[in-house]
Amino acid sequence: MNTVSLPPDEWRCGILISRVPKDGTAYSESFSLPLDAAISHWGQEYIPAEPIHADIEASYVNERILARVICRAEFTLPCSRCLAETRVAIFGDLRYLFTLSGEAPEDDDEADDGDVDVIPVDAFESEIEMTPYIWEALLLNLPERALCSENCKGLCHICGYDKNIGDCGCKEDNPDPRLAVLRDLME
Ligand SMILES: [Zn+2]
Ligand SMILES: [Zn+2]
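Now for a description of the structure that goes with this document. (Residues numbered from 1 in each chain as written. Chains lettered and ligands numbered in written order. Predicted model: local features only at pLDDT ≥ 70, side-chain atom pairs only at ≥ 80, totals over all residues. Heavy atoms only, no water.)

1. Description of the overall build of the protein
Each helix and strand counted, the protein has 3 helices and 10 strands in total. The 187 residues of the protein split such that 35% are buried. When the accessible surface of the protein is split by element, carbon and sulfur atoms take 49% of a total near 11,700 Å². (Helix = DSSP H or I, 4+ residues; strand = E, 2+ residues; numbered from the N terminus. Buried < 20%, exposed > 50% of the residue type's maximum accessible area, 1.4 Å probe, protein only. Areas by Shrake-Rupley, 256 points an atom, 1.4 Å probe, with all protein chains shown as cover.)

Here you go:
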């Protein structure tokens, strides 16, 4: 399977600015985004188990558009202990504030609350392309590691046997050689 670290070119998740009601009520749109490549991130590959699902909710706040991106996806990646294929569910929820004048944001309350990125959109644009933000919501929520189960016993360090299946019989604890000498003396 190919790997990608950027969203596919086919993804088009534009929100038409004219569709967002001026009275402050929310406009929402959902996207089902197919991904036929693994995402390369954290030095490993996340294989999509199904299309990425994104919900965008946009509303006017003081002449700007506040967009909430909710992203749901499922990926498989190797268990960090035993390497078994492990399925993980991703949930991302980010908010962005788009200034529609094309100007860089000045200091204001919305920007100051810390968890909203303020992004200038050129005044002549009729659409806000949300793909980069959906991708961001996805990547920021990919787990660095996955466990097939909380109690995964992992692989034997000596023979590589999957200890979840059974005991391979290797003695993994390295006995201290000085203790071995003492034991010999006592016998
Ligand atoms: Zn495991
Ligand atoms: Zn072993």
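2. Considering the coordination of the zinc ion (ligand 1)
The protein atoms donating to the zinc ion (ligand 1) are Cys79 (SG), Cys82 (SG), Cys148 (SG) and Cys152 (SG), with metal-donor distances spanning 2.3 Å. Taken together, the 4 donor atoms coordinating the zinc ion (ligand 1) span angles of 107 to 113 degrees at the metal, a pattern that classifies the geometry as tetrahedral. (Donors = N, O, S within 2.8 Å, 3.2 Å for Na, K, Ca; no water. Tetrahedral: all angles 85-135°; square planar, octahedral: opposite > 155°, others 65-115°.)

3. Comments concerning the coordination of the zinc ion (ligand 2)
For a metal bound by four donors in tetrahedral geometry, the ideal donor-metal-donor angle is 109.5 degrees, whereas six donors in octahedral geometry ideally sit at 90 or 180 degrees. On the protein side, the zinc ion (ligand 2) has Cys156 (SG), Cys159 (SG), Cys168 (SG) and Cys170 (SG) as donor atoms, found 2.3 to 2.4 Å from it. For the zinc ion (ligand 2), the 4 donor atoms in the first shell make angles of 107 to 111 degrees at the metal, so the coordination geometry reads as tetrahedral. Sequence spacing among the residues donating to the zinc ion (ligand 2) works out to C-x2-C-x8-C-x1-C.

4. Structural notes on a negative patch on the surface
Together, Asp122, Glu125, Glu127 and Glu129 make up a negatively charged patch on the protein surface. Position of glutamate 125 among the secondary structure elements: in the loop between strand E9 (116–120) and strand E10 (127–129). (Patch = residues over 30% accessible without salt bridge, like charges linked within 9 Å, V, L, I, M, F, W, Y side chains within 5 Å. Salt bridge = Lys/Arg side-chain N within 4 Å of Asp/Glu carboxyl O. Lys, Arg positive; Asp, Glu negative; His and termini not counted. Charge placed at Lys NZ, Arg CZ, Asp CG, Glu CD.)

5. Some remarks on the nonpolar core
Formed by 40 residues in total, the largest nonpolar core has its most connected members in Ile39, Ile52, Phe75, Phe98, Met130, Ile134 and Leu138. Those elements giving two or more residues to this core turn out to be strand E3 (27–33), strand E6 (52–61), strand E7 (64–78), strand E8 (85–99) and helix H2 (131–139). Once you skip the residues sitting within four places of it in the chain, methionine 130 turns out to touch Cys13, Ile15, Ile56, Ala67, Val69 and Phe98. (Core = buried A, V, L, I, M, F, W, Y, C linked by side-chain atoms within 4.5 Å. Contact = heavy atoms within 4.5 Å.)

6. Thoughts on the environment of alanine 26
Considering the arrangement of structural elements, one finds alanine 26 in the loop between strand E2 (14–16) and E3. Sequence separation between alanine 26 and isoleucine 65 is 39 residues, and the spatial gap between their C-alpha atoms is 9.9 Å. Ignoring anything within four residues of it in the chain, the contact list for alanine 26 reads Pro21, Glu57, Ala58 and Ser59.

7. Brief notes about the pairing of strand E5 (residues 44–48)
Covered by surrounding structure in E5 are Gln44, Tyr46 and Pro48 only, the residues Glu45 and Ile47 on the alternate face being uncovered. Where strand E4 (residues 38–41) hands over to E5, the hairpin turn is made up of 2 residues, of which tryptophan 42 adopts a positive phi near 55 degrees. (Pairing = 2+ DSSP bridges.)

8. Brief notes about the packing of aromatic side chains
Per the counting criterion, the structure on display carries 5 aromatic pairs. For the ring pair tryptophan 11 and tryptophan 135, a centre distance of 5.6 Å and an interplane angle of 70 degrees mean the geometry is edge-to-face. With tryptophan 11 in the loop between strand E1 (3–4) and E2 and tryptophan 135 in helix H2, the pair connects residues that are 124 residues apart, well separated along the chain. A single burial state applies to tryptophan 11 and to tryptophan 135, both of which are buried. Look at phenylalanine 98 and tyrosine 133: their rings are 5.4 Å apart centre to centre, the planes differ by 70 degrees, and that puts the pair in the edge-to-face class. Of the two residues, phenylalanine 98 is situated in strand E8 and tyrosine 133 in helix H2; the sequence distance between them amounts to 35 residues. No difference in accessibility class separates phenylalanine 98 from tyrosine 133, as the two residues are buried. (Phe/Tyr/Trp six-rings, centres within 6.5 Å; stacked < 30°, edge-to-face > 60°.)

9. Points about the pairing of E6
Bridge analysis of E3 against E6 gives 7 bridges, and the strand direction is antiparallel. Pairing of serine 32 across the sheet is with histidine 53, part of E6. Connecting E6 to the next strand, E7, in antiparallel fashion are 2 residues, including asparagine 62 with a positive phi near 45 degrees.

10. Section: the pattern of salt bridges
Where charged atoms from two side chains of opposite charge approach closely, those side chains can pair. All told, the structure shown has 5 salt bridges when counted by the stated rule. Note that arginine 72 and aspartate 55 form a salt bridge whose closest N and O atoms lie 3.4 Å from each other. Taken together, the residues span a long stretch of sequence, with arginine 72 in strand E7 and aspartate 55 in strand E6 at a distance of 17 residues. In this structure, arginine 87 and glutamate 74 form a salt bridge, with 2.4 Å as the shortest nitrogen-oxygen distance. On the criterion of sequence distance, the pair formed by arginine 87 in strand E8 and glutamate 74 in strand E7 is long-range, its members being 13 residues apart. Relative accessible area serves as the criterion here: at 24%, glutamate 74 is assigned to the partly exposed category. In the salt-bridge network here, residues are joined through shared partners; they are Glu50, Glu74 and Arg87.

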